Amino acid sequence: MTHGTDGNDSTYGTFGNGGAVRPGSEPHYNLKMFGEIVKTFRKRARLTQDQFAPLVGYSLETIASIEQGRRLPPPDFAERADSILDAFGVILAAAKHLTRRKGLASWFRQWALLELGALSLYTYECRLIPGLLQTPAYARTLFADQLPPLDDEQIEAQLAARLERQELLRNRPNTAFTFILEEHLFLRQLGGEEVTRELIDHILDLSELRNVDIQIMPLVRHHHAGLDGPMQLLETPEHQWFGYLEGQKYGQFLSDPKVISALQMRCASMRSQALSLDDSKGLMRRMRGAR
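Residues numbered from 1 in each chain as written. Predicted model: local features only at pLDDT ≥ 70, side-chain atom pairs only at ≥ 80, totals over all residues. Heavy atoms only, no water.

Draft legend 1. Up close: the overall build of the chain. Within the chain one finds 13 helices and eight strands. Looking at the chain as a whole, 53% of its 291 residues are labelled buried. Sequence separation of at least 24 residues holds for 73% of the intrachain contacts in the chain that already meet a minimum separation of 6. With the model as given, the accessible surface of the chain reaches about 13,400 Å², and the carbon-plus-sulfur share is 52%. (Helix = DSSP H or I, 4+ residues; strand = E, 2+ residues; numbered from the N terminus. Buried < 20%, exposed > 50% of the residue type's maximum accessible area, 1.4 Å probe, protein only. Contact = heavy atoms within 4.5 Å. Areas by Shrake-Rupley, 256 points an atom, 1.4 Å probe, with all protein chains shown as cover.)

Printed below as a string of structure tokens:
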């Protein structure tokens, strides 16, 4: 099971649902997604490859190879491209992950790169606390319990990747993050009482951020739109929507408008079925005090 939703292939650090990095996972970087990001911003700027190449200071052949995902960009390419294309720092942020240490699953990287520039991100989780919300102690418990077992180096790589990914919540104040978490995720006390108490405190702190909404789905709920399992939805700066589902071994990237529409309906229904933001905070405080 991917522990934390990060596409824990052992490269990025779990989303909170998933994507943990596992032994034998593909070590290659997702150059194609980086190339698509560059191409999208180039077209947004209404520049052809011929026009863009001299502006950024590289040959047409180099630009074409980067956009097609056939080569790593030169060291200063991302900074130049981001400035010329007015890419809001997205190209720069995406470039970091082309040389990122192990920690993110290869199949999760496409989603992780889209996250860097998302306008909104919706997460529903019923298995474990999402990677974006995990504490180091909670994440270590997940990694230590993983089967097949991970060695110390793999655990540290995944933990570092997860913590780095969590910077999204504070570094992107204009991105709206919405989480719907099942109450039983806290009642399980994964890692023990102290780990759970620290986790609740951490999530309560994050819930005070203006761009972060956290709702709890109560343990007793007569109607529930999320019974098909965890899911994530993401809106790009171009107002396109994508989805991501994660299972025992692999993640599934979704772009079919019909499928996305169904997930959006389920998410909207769950937001009305879950406790309000204030009531969710109250429940977490009560759960913490009961320990």
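From this point, things continue past the structure.
Draft legend 2. Up close: the nonpolar core. Among the nonpolar cores identified, the biggest contains 59 residues, and Ile91, Leu181 and Phe186 are the most heavily contacted of them. Those residues within four positions of Ile91 in sequence are excluded, and the remaining contacts are Phe34, Ile37, Val38, Phe41, Ala78, Ala81, Asp82 and Leu85. Listed in part, the 11 residues of the second largest apolar core include Met231, Cys267, Met270 and Ala274. (Core = buried A, V, L, I, M, F, W, Y, C linked by side-chain atoms within 4.5 Å.)

Draft legend 3. Region of interest: the environment of Thr40. Residue placement: Thr40 occurs in helix α1 (residues 31-44). Assessed through its relative accessible area of 32%, Thr40 is described here as partly exposed. When the C-alpha atoms of Thr40 and Glu67 are compared, they prove to be 9.4 Å apart, with 27 residues separating the residues in sequence.

Draft legend 4. Structural view of the packing of aromatic side chains. Tallied over the entire structure, the rule returns seven aromatic pairs. With a centroid separation of 6.4 Å and an interplanar angle of 80°, the aromatic rings of Phe52 and Phe77 are classed as edge-to-face. Here the residue Phe52 occupies a position in helix α2 (residues 49-56), and Phe77 occupies one in helix α4 (residues 77-84), the gap between them amounting to 25 residues. Both residues of the pair, Phe52 and Phe77, belong to the buried class. (Phe/Tyr/Trp six-rings, centres within 6.5 Å; stacked < 30°, edge-to-face > 60°.)

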